[in-house]
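# Architecture and fold: a report
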Amino acid sequence: PHVRNWRIEPFMNAVNNEEAAAKAAAFDTDGPTIFDKIISKEIPSAVVYEDDTALAFRDISPQAPVHVLVIPKFRDGLTHLGKAEERHENILGHLMYVARIVAEKEGILDGFRVVVNSGPSACQSVYHLHLHVLGGRQMKWPPG
Ligand code: TR5
């Protein structure tokens, strides 16, 4: 990975095992996450798309040739999709549209997958809502 930072090294040992990372994550504490530092640019990331309310950047542990995360810049309680309320409809719709913009920019409009892991049983490891945009290879179904 192109990003090297001592603050994330402990986590890097865990990202090779999605379940271990998910179990190590503090479920739904509504506290700060690594994504706050990515949004503030305190920690560098490979930005694919950015606007006033959304940021799309490459996943540090890609599971496909294209693996981009789309996140809201203002979390507003959306630690995970299970926390969504009616007031989040606009941002949720926008994130989905940004996923499509990313797919076009990355040249994978012929086939791409959007994944949201919500909660420990779904292997969520960072409690700041994010869409995974995956493509560039033949995707398998069903996911594990
Ligand atoms: O498992 P969920 O669905 O919660 O997805 C979290 C994703 O964040 C994983 O796919 C991780 O690989 C990814 N991740 C974690 C870190 C990170 C990252 N993507 C880009 N840059 C990252 N940094 C700098 N630090 C991380 N800890």
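Rules of the game
- Residues numbered from 1 in each chain as written.
- Predicted model: local features only at pLDDT ≥ 70, side-chain atom pairs only at ≥ 80, totals over all residues.
- Helix = DSSP H or I, 4+ residues; strand = E, 2+ residues; numbered from the N terminus.
- Buried ≥ 20, exposed ≤ 12 C-beta atoms within 10 Å, placed from the backbone.
- Contact = placed C-beta atoms within 7 Å.
- Pairing = 2+ DSSP bridges.
- Core = buried A, V, L, I, M, F, W, Y, C linked by C-beta atoms within 7 Å.
- Axes fitted to C-alpha atoms, helices over the stretch in contact; angles between N-to-C directions.
- UniProt positions renumbered as here; feature names shortened; annotations may be inferred.

Moving on: the overall build of the chain. Scanning the chain from terminus to terminus reveals 4 helices and 5 strands. What you see in the chain, going N to C, is helices and strands ordered as α-α-α-β-β-β-α-β-β. Buried residues in the chain amount to 24% of all 144 residues. Long-range pairs, those at least 24 residues apart, make up 63% of the contacts in the chain with a sequence separation of at least 6.

The subject of this paragraph is the pairing of strand β2 (residues 54–58). For β2, the buried fraction is high: 4 of the 5 residues fall into the buried class. For strand β1 (residues 47–50) and β2, the ladder comprises 3 bridges, and the chain directions are antiparallel. Its bridge partner lying in β2, V47 is registered against F57. Between the antiparallel neighbours β1 and β2 lie 3 residues. Pairing of β2 with strand β3 (residues 66–72) involves 5 bridges; the strand directions are antiparallel.

Moving on, we come to unusual backbone geometry. With an omega of 0 degrees, the peptide bond running from W141 to P142 counts as cis. The residue K41 is not glycine, and still its phi comes out positive at about 70 degrees. Relative to the helices and strands, K41 is located in the loop between α3 (34–39) and β1. Under the C-beta neighbour-count criterion, K41 is labelled exposed, with 10 such atoms within 10 Å. The backbone of C123 shows a phi angle near 65 degrees, a positive value even though the residue is not glycine. Tracing the sequence through the fold places C123 in the loop between β4 (112–115) and β5 (131–135).

Attention now goes to the nonpolar core. In terms of nonpolar packing, the biggest core is built from 24 residues, with A56, V68, V70, A99, V102 and V133 touching the most fellow members. Where this core is concerned, the elements lending two or more residues are α3, β2, β3, α4 (89–105) and β5. If we ignore the near neighbours within four places in the chain, the residues touching A56 are V48, Y49, V68, L69, V70, V98 and V102.

Turning our attention to the sheet that holds β3. With antiparallel pairing, 5 strands are arranged side by side in an open sheet as β1-β2-β3-β5-β4. Looking along the sheet, the strands with just one partner apiece sit at the ends: β1 and β4. Averaged over all neighbouring strand pairs, the angle between strand axes comes to 20 degrees, with direction disregarded. Where β4 lies against β5, 4 bridges are found, and the strand directions are antiparallel.

What follows deals with the UniProt feature "active site" (unreviewed entry) in the chain. Here, the residues flagged by UniProt with the feature "active site" (unreviewed entry) are H130. Within the fold, H130 resides in the loop between β4 and β5. Contacts of H130, omitting those with residues within four sequence positions, involve L69, V70 and I71.

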